[in-house]
Amino acid sequence: MKNKELVIYGTLERRFNRILYGGYAWDQYIKHSKSYGVTNSDLRALDYAIDGKIESRLPANLHIVEYGPGGTSGVAKPQKLIETLLKDEKHSVSYTSVDILSRFAIESAQTIHDKFNLKADAVSCDFMTGARIRVPEENDATPLAVIFGGTLANAPDSRASGENSSKKNF
């Protein structure tokens, strides 16, 4: 089931009064390092899963929900997985990127949409400390949540301010 739809949801509450979690610092790191070691490890892990025929173990109709995609710097990981799934003609795929920075969520969804002509959604919210988020549902699609790289290493510890810690939110 392919269509040419890109949907963007903006659910991030503006309660921080500051640049969110260092997104611009991340841009500078990628620019200057020319490499992101976690991406390479993720791609090797995906290669291992693909060599093991992961697609044969997954439902035919999938809605991939990626938490913390990191924009264009991290999109190679879901691309590799989606490419593998689409080679097997019995799979259909839709994609949702969820990131605290709307720019990263939109970049990832747009890249996947453009590369594969898939329905792609972008949700901007803080999935680690915020209230439960509303990820768009896809009819008859099985959600497959993926978190690549060091996303969970960015989890803030909000206990001092009386909020739930990220551990409690999961």
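Residues numbered from 1 in each chain as written. Predicted model: local features only at pLDDT ≥ 70, side-chain atom pairs only at ≥ 80, totals over all residues. Heavy atoms only, no water.

Colleague: I'm lost on the overall build of the chain in this one. Help?
Modeller: Per the secondary structure count, the chain includes five helices and five strands. Counting from the amino terminus, the chain carries its helices and strands in the arrangement β-α-α-β-α-β-α-β-β-α. Looking at the 170 residues of the chain, the share that counts as buried comes to 42%. The contacts of the chain with a sequence gap of at least 6 include a subset with a gap of at least 24, amounting to 82%. (Helix = DSSP H or I, 4+ residues; strand = E, 2+ residues; numbered from the N terminus. Buried < 20%, exposed > 50% of the residue type's maximum accessible area, 1.4 Å probe, protein only. Contact = heavy atoms within 4.5 Å.)

Colleague: Explain the pairing of strand β4 (residues 120–124) to me, please; I cannot follow it from the model alone.
Modeller: The two faces of a sheet get side chains in turn, since along a regular strand they alternate between them. The element β4 is extensively covered by neighbouring structure, given that five of its five residues are classed as buried. What you see with β4 is no split at all: Ala 120, Ala 122 and Ser 124 on one side and Asp 121 and Val 123 on the other are buried throughout. With five bridges connecting them, strand β3 (residues 92–99) and β4 associate as parallel partners. Bridge pairing links Asp 99 to Ser 124 in β4. On the question of chirality, the crossover connecting β3 to the parallel β4 by way of helix α4 (residues 102–116) is right-handed. (Pairing = 2+ DSSP bridges. Right-handed = clockwise from strand over helix to strand, strands pointing away.)

Colleague: Would you mind showing me how to read unusual backbone geometry here?
Modeller: Generally, phi is negative for residues other than glycine and the peptide bonds are trans, each holding for most cases. Positioned with a positive phi, Lys 53 is a non-glycine residue whose angle comes to about 65°. Within the secondary structure, Lys 53 is located in the loop between α2 (37–51) and β2 (61–67). Of note in this structure, Asn 117 is not a glycine but carries a positive phi near 55°. Among the structural elements, Asn 117 can be located in the loop between α4 and β4.

Colleague: Would you mind going over helix α3 (residues 76–87) with me for this structure?
Modeller: Here α3 is twelve residues long and its end C-alpha atoms lie 16 Å apart, about the 16 Å a rise of 1.5 Å per residue gives. Buried residues of α3: Lys 77, Pro 78, Gln 79, Leu 81, Ile 82, Thr 84 and Leu 85, and no others. (Expected span 1.5 Å × (residues − 1).)

Colleague: Help me out: how do you make sense of α4 in this one?
Modeller: Along an α-helix, residues three or four apart share an orientation, since each turn contains 3.6 residues. Taking 1.5 Å per residue as the helical rise, α4 with its 15 residues ought to reach 21 Å, and the 21 Å between its terminal C-alpha atoms agrees with that figure. Residues Phe 104, Ala 105, Ser 108, Ala 109, Ile 112, His 113 and Phe 116 constitute the buried set of α4. Looking straight down α4, one finds that the buried residues subtend no more than 160° of arc, so they occupy a single side. (Arc of directions from axis to C-beta.)

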